[in-house]
Amino acid sequence: MSAGNDRSIQEAQDDAVKRRAQGEFVRGVSGFRHVLGEDRDFPAEPGRYHLFVALNCPWCHRVTLARNILGLQEAITMDIAFPNRTDESDPVAANLWEFNPTRVASLTGKPLPECTAETATGQRVRLVREIYQAEGSDEASVPILYDKKSKRIVTNESAEIIRMLNAQAGALGSSFSDPDRLDLYPDDPAMRADIDALNEAIYVNINNGAYKAGFSSDQDVYQRAFAAYFNMLDQLETRLADGRAFLTGEHFTEADLRLFPTLFRHDPVYYVRMKLNGARILDYPNLWRWLCRVYGMPGVAESNSLVHCRQGYFGRSWNKVVPSGPLKPMPYPDAYQHPELAG
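Remember, predicted model here, so these are calculated numbers, not experimental data. (Residues numbered from 1 in each chain as written. Predicted model: local features only at pLDDT ≥ 70, side-chain atom pairs only at ≥ 80, totals over all residues. Heavy atoms only, no water.)

*Asks:* So what's going on with the pairing of strand β2 (residues 77-80)? Residues and values would help.
*Replies:* Examined bridge by bridge, strand β1 (residues 49-53) and β2 share 4 bridges and lie parallel to one another. Its bridge partner lying in β2, F52 is registered against D79. Read as a crossover between parallel neighbours, the route from β1 over helix α2 (residues 58-69) to β2 is right-handed. (Pairing = 2+ DSSP bridges. Helix = DSSP H or I, 4+ residues; strand = E, 2+ residues; numbered from the N terminus. Right-handed = clockwise from strand over helix to strand, strands pointing away.)

Spelled out as structure tokens, the structure:
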């Protein structure tokens, strides 16, 4: 499952150093790209695989969504990192993901109950970086799909993880029978072409576009990303205007799954933190109803936490203060249970 030049998976690295120096956010490339169920070293077996994630991370959110929607909660174990990385006081280094279930969140004044210790390597490591170092890599990102049997990383590319989980869900031990389980990437050429086109446009303009806007230090780069983000929201609003339930029609697919984490974060987090204050998703009636529809699907609400998102994004800002809102028309995520709010 090679990524090739698929911009819906990774960003082109041409002149990356220069572009970063000029204020552009340029996402790096994942280095582990084994294919579960196809590589001989990584057969699809129930109970063998594990996920390392952080709930504030939208790329991890893709993976936790797939795990829940495909009925893999019992078949694939999971550890959850604290939403803020280490700071300058850490004895190893700053800016590292850590497994620390006792760490206190500034937002709540207490530990976050979802956070776990590391349980898959047998070493009870504290830092995600240590999992990579065991394989001679200097990467430090999440998500990671990990093989508990061989103690090796399968892949750390979220787009490939969700496609592998979908393709191998039955063999991995899904709690759903084949006829009852959603197929996120149906074996139909026209449908796949539609999904692939949506994936690329959503990745470039929405998923990665939010980071281009929020983490760029150049005004022109920010404004281009801002315009592209809201232009894409307009296109998606129009696409849903014919009454279809999901982006490709009546069936939830990979395209919906990949859009959801960003729009889930938009109103309560990205509107402020990523400087994407052109509009709320609540201001797009069709997208809002789509967002509520997806949120109401079994396993979706449990796949993430806005407490982790707010702590993770604002807790790493310059003053680490987490905004209390929004409170109108009602607090989030409760609002996602009310499609009528969009009128």
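*Asks:* Can you lay out the nonpolar core for me, pointing to particular residues and giving the numbers?
*Replies:* Counting 97 residues, the largest nonpolar core has L263, W288 and W290 as the members making the most contacts within it. At 9 residues, helix α6 (residues 189-214) tops the list of elements feeding residues into this core. Excluding anything up to four places from it in sequence, L263 contacts I206, Y229, L233, I281, L287, W290, L291 and Y336. (Core = buried A, V, L, I, M, F, W, Y, C linked by side-chain atoms within 4.5 Å. Buried < 20%, exposed > 50% of the residue type's maximum accessible area, 1.4 Å probe, protein only. Contact = heavy atoms within 4.5 Å.)

*Asks:* Residue-level account of the pattern of salt bridges, with values.
*Replies:* With the rule as written, the count across this model stands at 13 salt bridges. The salt bridge partner of R163 is E254, with a shortest N-O separation of 2.5 Å. Linking R163 in helix α4 (residues 158-167) with E254 in helix α8 (residues 254-273), this pair joins segments that are 91 residues apart in sequence. On the accessibility criterion, R163 (22% relative accessible area) is partly exposed. Several salt bridges converge on common partners, so that one network encompasses D90, E98, R103 and R126. (Salt bridge = Lys/Arg side-chain N within 4 Å of Asp/Glu carboxyl O.)

*Asks:* Got a sec to walk through the sheet that holds strand β4 (residues 152-155)? Specific residues and values, please.
*Replies:* One open sheet accounts for 4 strands, arranged β2-β1-β3-β4; its pairing is mixed. Two strands in the sheet have a free side with no partner beyond their single neighbour: β2 and β4. Across this sheet, the average inter-strand angle for adjacent strands is 30 degrees, counted without regard to direction. In the sheet, β1 pairs with strand β3 (residues 144-147) via 4 bridges, with the strands oriented antiparallel. Residue pairing across strands places Y49 opposite D147, the latter belonging to β3. (Axes fitted to C-alpha atoms, helices over the stretch in contact; angles between N-to-C directions.)

*Asks:* Any chance you could break down helix α10 (residues 306-314) for me, citing the residues and the numbers?
*Replies:* Within α10, 8 of the 9 residues are buried, which leaves the element mostly enclosed by the surrounding structure. Residues of α10 that are buried: L306, H308, C309, R310, Q311, G312, Y313 and F314. Packing partners of the buried residues in α10 comprise α2, β2, α6 and α8. Two or three places before V307, at the opening of α10, S305 has a side-chain oxygen 3.2 Å from that residue's backbone nitrogen. (Polar contact = N/O pair within 3.5 Å; in protein donor to acceptor, adjacent residues only side chain to side chain.)

*Asks:* Quick rundown of the packing of aromatic side chains? Include the residues and the values.
*Replies:* Per the counting criterion, the structure on display carries 20 aromatic pairs. Judged by centre distance (5.2 Å) and plane angle (70 degrees), the ring pair of Y229 and F230 falls under edge-to-face. Comparing Y229 with F230 shows no difference in burial state: the two are buried. The rings of F260, F264, W288, W290, Y295, Y332 and Y336 are connected pair by pair, giving a single aromatic cluster. (Phe/Tyr/Trp six-rings, centres within 6.5 Å; stacked < 30°, edge-to-face > 60°.)

*Asks:* Kindly report on the side chain of R67, identifying the contributing residues and their values.
*Replies:* Looking at where R67 falls in the secondary structure, it is placed in helix α2. The side chain of R67 is buried and forms no salt bridge, while E74, the nearest opposite charge, is found at 6.7 Å. A distance of 2.8 Å separates a polar atom in the side chain of R67 from the backbone oxygen of I76. If near-sequence neighbours (up to four positions away) are discounted, R67 is found in contact with L51, L72, Q73, I76, T77, M78 and L165. (Lys, Arg positive; Asp, Glu negative; His and termini not counted.)

*Asks:* I'd like a description of the side chain of S216, backed by residues and values.
*Replies:* As for its placement among the helices and strands, S216 is situated in the loop between α6 and α7 (219-239). Side-chain polar atoms of S216 contact the backbone oxygen of K212, separated by 2.3 Å.

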